[in-house]
Amino acid sequence: GENVEQHPSTLSVQEGDSAVIKCTYSDSASNYFPWYKQELGKRPQLIIDIRSNVGEKKDQRIAVTLNKTAKHFSLHITETQPEDSAVYFCAASAVSWGKLQFGSGTQVVVTP
Amino acid sequence: NAGVTQTPKFRVLKTGQSMTLLCAQDMNHEYMYWYRQDPGMGLRLIHYSVGEGTTAKGEVPDGYNVSRLKKQNFLLGLESAAPSQTSVYFCASSYSMWDPGTEAFFGQGTRLTVV
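The shown structure was predicted, so the numbers you read here are calculated from the model rather than taken from an experiment. (Residues numbered from 1 in each chain as written. Chains lettered and ligands numbered in written order. Predicted model: local features only at pLDDT ≥ 70, side-chain atom pairs only at ≥ 80, totals over all residues. Heavy atoms only, no water.)

**Side note on the nonpolar core**
Thinking step 1. With 23 residues, the main nonpolar core has A:Ile21, A:Phe33, A:Trp35, A:Phe73, A:Leu75 and A:Tyr88 as its most contacted residues.
Thinking step 2. By size, the runner-up hydrophobic cluster in this structure holds 18 residues, among which are B:Leu21, B:Ile46, B:Val66 and B:Leu76. (Core = buried A, V, L, I, M, F, W, Y, C linked by side-chain atoms within 4.5 Å. Buried < 20%, exposed > 50% of the residue type's maximum accessible area, 1.4 Å probe, protein only.)

This is the structure:
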């Protein structure tokens, strides 16, 4: 089955700096890669996603890149703000499985 | 729309007791999932369903059972609770695996403590 690994587990950045979180996946059939943000005590919510036919996608200060050959994808947050502090999860899925597999999460702390 | 609703929000069980967690969605979603969240371990998939009447095992299915008798409901059962099942449980649903419709919406979570 699919295995999604996520690094780092914690990330501390200064406000205004960039943050990068990396994930790798094992199953070449994976074709959908979402990122979720979970604020303390709340439910995870989708912030951006990418499909296997696209190499990069951007939405304001966040962007996701995908390297299908290397089976890894990354989340980039630019100009970080205190409200970016949260746990971020990557995930992978494929139409053939019908399930969504998550990474172990990255705790991002943005310090003023 | 309520979205995805989990019942109950909190529960304390004694070892060996049984309980059922209910997940209800009002978005006509086909896919439903049960995850558990433990510190440092992310969201681990327990069981999932790709449609009414179907269920499948995820990463950590042992000690849990599920049923999807109605499209809008996905039930997670613990037959004999163990302290290792102390966790926060999240239910999620999505419309399909095809674009659009792939976004998974989560319930608010159930905090379960087994003593």
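From this point, the narrative continues.
**Observations regarding the layout of surface pockets**
Thinking step 1. Taken as a whole, the largest pocket encloses approximately 680 Å³ of empty space.
Thinking step 2. Lining the largest pocket are 31 residues; nearest its centre among them are A:Gln38, A:Leu40, A:Gly41, A:Val87 and B:Gln37.
Thinking step 3. Only strand 9 (86-93) and strand 11 (106-111) of chain A together with strand 9 (87-94) and strand 11 (110-114) of chain B provide two or more residues apiece to the lining of the largest pocket.
Thinking step 4. One number sums up the size of the second largest pocket: a volume of about 160 Å³.
Thinking step 5. Taken together, A:Lys37, A:Ile47, A:Asp59, A:Gln60, A:Arg61, A:Ile62, A:Ile77, A:Asp84 and A:Tyr88 form the lining of the second largest pocket. (1 Å grid on protein atoms, 1.4 Å probe; cavity = no way out; pocket = protein on both sides within 12 Å on 5 of 7 lines; lining within 4 Å. Points joined across faces, edges and corners; volume = space filled by probe spheres on them. Helix = DSSP H or I, 4+ residues; strand = E, 2+ residues; numbered from the N terminus.)

**Remarks on the interface of chain B and chain A**
Thinking step 1. Contacts between the two partners involve 23 residues from chain B, matched on the other side by 21 residues from chain A.
Thinking step 2. Of the roughly 1800 Å² buried at the junction of chain B and chain A (both faces included), carbon and sulfur atoms supply 57%.
Thinking step 3. Linking chain B to chain A there are zero salt bridges.
Thinking step 4. On the surface where chain B and chain A come into contact, there are eight residue pairs in polar contact (both at pLDDT 80 or more).
Thinking step 5. With four residues, the top contributor of residues to the side of chain B that touches chain A is strand 4 (residues 31-37) of chain B.
Thinking step 6. Classifying every residue of the side of chain B that touches chain A gives 14 nonpolar, six polar and three charged. (Contact = heavy atoms within 4.5 Å. Buried area = accessible area lost by both parts, 1.4 Å probe. Salt bridge = Lys/Arg side-chain N within 4 Å of Asp/Glu carboxyl O. Polar contact = N/O pair within 3.5 Å; in protein donor to acceptor, adjacent residues only side chain to side chain. Nonpolar A, V, L, I, M, F, W, Y, C, P; charged D, E, K, R; others polar.)

**Section: the pairing of strand 4 of chain B**
All names here are of chain B.
Thinking step 1. With seven of seven residues buried, strand 4 is to be regarded as a mostly interior element.
Thinking step 2. Of the two faces of strand 4, the one holding Tyr31, Tyr33, Tyr35 and Gln37 and the one holding Met32, Trp34 and Arg36 are both buried throughout.
Thinking step 3. Where strand 4 lies against strand 9, seven bridges are found, and the strand directions are antiparallel. When the bridges of strand 9 are listed, Trp34 appears paired with Cys91.
Thinking step 4. Sheet topology note: the strand 4/strand 5 (residues 43-49) ladder contains six bridges and is antiparallel. Looking at the pairing, Gln37 lines up with Leu43 of strand 5.
Thinking step 5. Between strand 4 and the antiparallel strand that follows it, strand 5, lie five residues; Gly40 among them carries a positive phi value of about 80°. (Pairing = 2+ DSSP bridges.)

**Digging into the packing of aromatic side chains**
Thinking step 1. Applying the stated criterion to the full structure yields 13 aromatic pairs over all chains.
Thinking step 2. The interplanar angle of 50° and the centroid separation of 4.9 Å between the aromatic rings of A:Phe33 and A:Phe73 together place this pair among those described as tilted. Pair noted here: A:Phe33 is in strand 4 (residues 32-38) and A:Phe73 is in strand 8 (residues 72-77), with a separation of 40 residues, a long-range link. For the pair A:Phe33 and A:Phe73, a shared accessibility class is recorded, and that class is buried.
Thinking step 3. Taking 6.2 Å as the distance between ring centres and 90° as the angle between the ring planes, the aromatic pair formed by A:Phe89 and A:Phe102 counts as edge-to-face. With A:Phe89 in strand 9 and A:Phe102 in strand 10 (residues 100-102), this pair connects stretches of sequence that are 13 residues apart. Each member of the pair, A:Phe89 as well as A:Phe102, carries the same accessibility label: buried.
Thinking step 4. Grouping aromatic residues by their ring pairs yields a cluster made of A:Tyr36, A:Phe89, A:Phe102, B:Tyr33, B:Tyr35, B:Phe90 and B:Phe106. (Phe/Tyr/Trp six-rings, centres within 6.5 Å; stacked < 30°, edge-to-face > 60°.)

The values are spatial; any link to function lies outside them.
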